[in-house]
Amino acid sequence: MKKVISTTKAPSAIGPYSQAIQVGNLVYTSGQLPIDPATGVFAEGGIKEQTRQSLLNVKAILEEVGLTMENVVKTTVFMADMNDFADMNSVYAEFFTAPYPARSAVAVKTLPKGALVEIEVVAGV
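Predicted model, so just to flag it, every value in this text is computed and none were measured.

Undergrad: Just to check I follow, could you spell out the packing of aromatic side chains for this structure?
TA: Any aromatic ring pair is given by two values, namely how distant the centres are and how the planes are angled relative to each other. According to the stated counting rule, one finds one aromatic pair in the structure shown. Measuring from ring centre to ring centre gives 4.7 Å for Y92 and F96, while their planes differ by 35°; the resulting arrangement is tilted. Per residue, the accessibility class of Y92 equals that of F96, and both read buried. Above the ring of Y92, the side-chain terminus of R103 is found at 4.5 Å from the ring centroid.

Undergrad: I keep staring at the environment of N83 and nothing clicks. Help me out?
TA: By the element assignment, N83 lies in the loop between β4 (72-79) and α2 (85-92). Taking the relative accessible area as the measure of exposure, N83 reaches 70% and is therefore exposed.

Undergrad: Would you explain α2 in this entry?
TA: Residues three or four positions apart in an α-helix share a direction because the helix packs 3.6 residues into each turn. Regarding α2, the residues found buried are M88, V91 and Y92. Taken around the axis of α2, the buried residues stretch over an arc of 105°, which confines them to a single face. Of the surrounding elements, those touching the buried residues of α2 are α1 (47-64), β4 and β5 (102-107).

Undergrad: Help me understand the pattern of salt bridges, please; the structure alone is not making it clear to me.
TA: Between side chains of opposite charge, a pair can form as their charged atoms come close. Inspection of every chain in the model, using the stated rule, returns one salt bridge. Where E94 meets R52, a salt bridge forms, and the shortest distance between an N and an O atom there is 3.0 Å. Of this pair, E94 sits in the loop between α2 and β5 while R52 is found in helix α1, placing the two residues 42 residues apart along the sequence. For E94, a relative accessible area of 54% gives the class exposed.

Undergrad: What am I meant to see in the environment of Q19 here?
TA: Along the polypeptide, Q19 turns up in the loop between β1 (2-5) and β2 (20-23). The exposure class of Q19 is buried, given its relative accessible area of 6%. For the pair Q19 and K3, spaced 16 residues apart in the sequence, the C-alpha separation amounts to 11 Å. With residues near it in sequence (within four places) discarded, Q19 still touches I5, S6, T7, A10, P11, S12, Y28, T29, S30, Q32 and I61. Polar side-chain contacts of Q19 include one of 2.8 Å to the backbone oxygen of P11.

Thresholds, definitions, all that
Residues numbered from 1 in each chain as written. Predicted model: local features only at pLDDT ≥ 70, side-chain atom pairs only at ≥ 80, totals over all residues. Heavy atoms only, no water. Phe/Tyr/Trp six-rings, centres within 6.5 Å; stacked < 30°, edge-to-face > 60°. Buried < 20%, exposed > 50% of the residue type's maximum accessible area, 1.4 Å probe, protein only. Lys NZ or Arg CZ within 6 Å of the ring centre and 35° of its normal. Helix = DSSP H or I, 4+ residues; strand = E, 2+ residues; numbered from the N terminus. Arc of directions from axis to C-beta. Contact = heavy atoms within 4.5 Å. Salt bridge = Lys/Arg side-chain N within 4 Å of Asp/Glu carboxyl O. Polar contact = N/O pair within 3.5 Å; in protein donor to acceptor, adjacent residues only side chain to side chain.

Right, dumping it as structure tokens:
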């Protein structure tokens, strides 16, 4: 049975999807854009600021079910430009400690609303 996870501390879904779904002992977040939930707009700045906001959104969703970034077992990072990888990675490293979650990072042609980054995670309860 799946349970819908939702919080006002992360941006509302901009389409027909949930912020996150829990199935058994796993929580799957939808891709989090760098939208500041207080303003409804992207975090000001470049890839570093957008990465930080995307991860803060992930963190807020996980906190809704009593989890932390330590519970994350897998991340997927979508970037508009792979040349931003080092800057994204430097901010990403602020949110995770060893043992690090498994990760995929891919460049995509475009992201919703022209974002530079979108991040989704799987976390264990």
